[in-house]
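# Results of the structural survey
Below, each chain spelled out in residue letters.
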Amino acid sequence: LVQDAHYSRPEAFVTALTVAAVALCWPSPRLRHGRVAGGAFLIGILVACKVSMALLAWLPLVPLVAAAESTRRRVGAGSVGLLAMAAGFAGGAPGAVTQPGVFWHGVSQLMRQYAGVHPPHSHLDGGRGADLLGGYYVATIGWVGLLGGALGIAVLVRHRRWGELA
């Protein structure tokens, strides 16, 4: 967050909303429609802020799968979640709802930009950028942090704590 605060980017806001959405969608034995709806609403806002956050659209499904509830209650909570996600997106990007052609044109322009050479986020020859990404994580998190994260994931897998891994 400190690094991103130096740029004119929504990263700090997106990070805060993501943490809140994860907290709301954290699995529990009892299904709470309001928490699912709240997490889904925040994800809708996140997608409005940054289209790549659509990768989090599965997050409200975690409490639906983890809860020991009837199928009817799960479907009800899932339906409320879908509506809440759509409302979050519409509230966060009303122009995308009223002028979808302009919105999709912008998305296609971004995809075209990211598909080609985009220094310093890609190599000039257009090759794979995994080494750049790896170097970024080592520089910002450090080897100790990365190894600690890998160890934490291994422990969760070993103890089959899938909710925390999600």
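Look up: the structure comes first, before these words.
Attention now goes to helix H1 (residues 11-24). Along its 14 residues, H1 runs 20 Å from first to last C-alpha, staying within 8% of the 20 Å computed at 1.5 Å per residue. All of the buried residues in H1 are Glu11, Val14, Leu17, Thr18 and Ala21. One side of H1 carries all its buried residues, which in axial view fall inside an arc of 125°. Tucked into the core, H1 has its buried residues touching helix H2 (33-49).

Our focus in this paragraph is the state of the cysteines. Throughout the structure, instances matching the rule amount to zero disulfides. No disulfide involves Cys25; its sulfur sits 16 Å from the nearest other cysteine sulfur, which is in Cys49. What makes Cys25 buried here is its relative accessible area of 1%. Given the relative accessible area of 34%, Cys49 is considered partly exposed.

Take the packing of H1 against H2 next. Closest axis-to-axis distance for the H1/H2 pair is 8 Å, and the angle between their directions is 160°. It follows that H1 is roughly antiparallel to H2 by the angle criterion. At the point where H1 passes H2, the crossing takes the left-handed sense. In contact with Phe13, Val14, Leu17, Thr18, Ala20, Ala21, Ala23 and Leu24 of H1, H2 contributes Arg35, Gly38, Gly39, Leu42, Ile43, Ile45, Leu46 and Cys49. The residue makeup of the contact of H1 with H2, split by class, is 12 nonpolar, three polar and one charged.

Time to look at the environment of Ala57. Inspection of the secondary structure puts Ala57 in the loop between H2 and helix H3 (61-66). Using a relative accessible area of 36% as the deciding quantity, one classes Ala57 as partly exposed. Between the alpha carbons of Ala57 and Gly88 there is a distance of 12 Å; along the sequence they are 31 residues apart.

Conventions we followed
- Residues numbered from 1 in each chain as written.
- Predicted model: local features only at pLDDT ≥ 70, side-chain atom pairs only at ≥ 80, totals over all residues.
- Heavy atoms only, no water.
- Helix = DSSP H or I, 4+ residues; strand = E, 2+ residues; numbered from the N terminus.
- Expected span 1.5 Å × (residues − 1).
- Buried < 20%, exposed > 50% of the residue type's maximum accessible area, 1.4 Å probe, protein only.
- Arc of directions from axis to C-beta.
- Contact = heavy atoms within 4.5 Å.
- Disulfide = S-S within 2.5 Å.
- Axes fitted to C-alpha atoms, helices over the stretch in contact; angles between N-to-C directions.
- Parallel < 35°, antiparallel > 145°, perpendicular 65-115°, else oblique.
- Left-handed = near helix turned anticlockwise from the far one by under 90°.
- Nonpolar A, V, L, I, M, F, W, Y, C, P; charged D, E, K, R; others polar.

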